[in-house]
Amino acid sequence: MADARFEDGKEAALSLKAETADDLQVISALVQDAVLSATDMAWDRRGRTFSLFLNRFRWEDRAQAEREGRPFERARALLVIGGVLKLASQGFDRKDGDVILSVLSLAWEPSADGAGRLLLTLAGDGAIAAEVECLDLTLRDVTRPYAAPSGHAPAHPE
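No experiment lies behind these values; they were computed from the predicted model shown. (Residues numbered from 1 in each chain as written. Predicted model: local features only at pLDDT ≥ 70, side-chain atom pairs only at ≥ 80, totals over all residues. Heavy atoms only, no water.)

1. Regarding the pattern of salt bridges
Quick reminder of the rule: Salt bridges are identified by distance alone: a Lys or Arg side-chain nitrogen within 4 Å of an Asp or Glu carboxyl oxygen.
Inspection of every chain in the model, using the stated rule, returns 13 salt bridges. Through salt bridges with shared partners, a single network forms among R56, R58, E60, D61, E68, R70, E73 and D141.

2. Focus: the packing of aromatic side chains
Rules: Working definition: rings of Phe, Tyr and Trp (its six-membered ring) pair if their centres are within 6.5 Å, and the pair is stacked with planes under 30 degrees apart, edge-to-face with planes over 60 apart, and tilted otherwise. By the criteria applied, helices consist of DSSP H or I runs no shorter than four residues and strands consist of E runs no shorter than two, each listed in order from the N terminus. Throughout this description, buried means an accessible area under 20% of the type-specific maximum (1.4 Å probe, protein chains only), exposed means over 50%, and partly exposed covers the range between. Counting as a charge over the ring demands two things of the Lys NZ or Arg CZ atom: a distance within 6 Å of the ring centre and an angle within 35 degrees of the ring normal.
Within this structure, the stated rule accounts for two aromatic pairs. Residues F57 and W59 carry aromatic rings whose centres are separated by 4.6 Å and whose planes lie at 65° to one another, so their mutual orientation is edge-to-face. Geometrically, the ring pair formed by F57 and F72 is tilted, given 5.9 Å between the ring centres and 55° between the ring planes. Residue F57 is located in strand 5 (residues 49-57), and its partner F72 is located in the loop between helix 2 (62-68) and strand 6 (73-82); the two are separated by 15 residues in the primary sequence. Residue classification places F57 among the buried positions, given a relative accessible area of 1%. Taking the ring centre of F53 as reference, the NZ or CZ of R76 above it sits at 3.9 Å.

3. Let's talk about the pairing of strand 8 (residues 100-110)
The test is simple: In this description, strands pair whenever DSSP reports at least two bridges between them.
Note: strand 3 (residues 35-37) against strand 8, three bridges, orientation antiparallel. Residue pairing across strands places S37 opposite I100, the latter belonging to strand 8. As defined by bridge partners, strand 8 adjoins strand 9 (residues 116-122) across seven bridges and the pair is classed as antiparallel. Bridge assignment links A107 to a residue of strand 9, and that residue is L119. As consecutive antiparallel partners, strand 8 and strand 9 are separated by five residues, and within that stretch G114 has a phi angle of approximately 95°, a positive value.

4. Some thoughts on the side chain of D141
The condition is simple: Pairs of residues are marked as contacts when any of their non-hydrogen atoms sit within 4.5 Å.
Relative to the elements of secondary structure, D141 occurs in strand 11 (residues 137-141). What makes D141 buried here is its relative accessible area of 3%. Apart from residues no more than four positions distant in its own chain, D141 is found in contact with A13, L14, R56, R58, A75, R76 and A77.

Rendered as structure tokens:
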């Protein structure tokens, strides 16, 4: 997993690649509570990629922001799944730009031949299942971090 910097070198931009289930767990944790509209997704059938433009909470910075007493941050990020053969969604209309989705988790269900299914679970009983040739996923921040509008970290019931 690599780390890149913005041009001025001041902010580290997250840039990760998942090719194993362990890598996917890291990315799943970092996109938890990310939000996007249903139209912030694109499936390129020819290129076999499925891309999601996320507004993600910067979990990797939460503890330090809390210690320093500064606002929690979010960043816009691009999540790209490669080798997509088939895509299915449930619980929302992918053409409805007014619907806002919240990411809960990513899970990998491998098959015996190295292919498998990547499951993106969304709040409110939504889900996206991608049948893929292999686990090939990238997550990259595409904007500088900015103060989370709510000023708070996402809350989870105990």
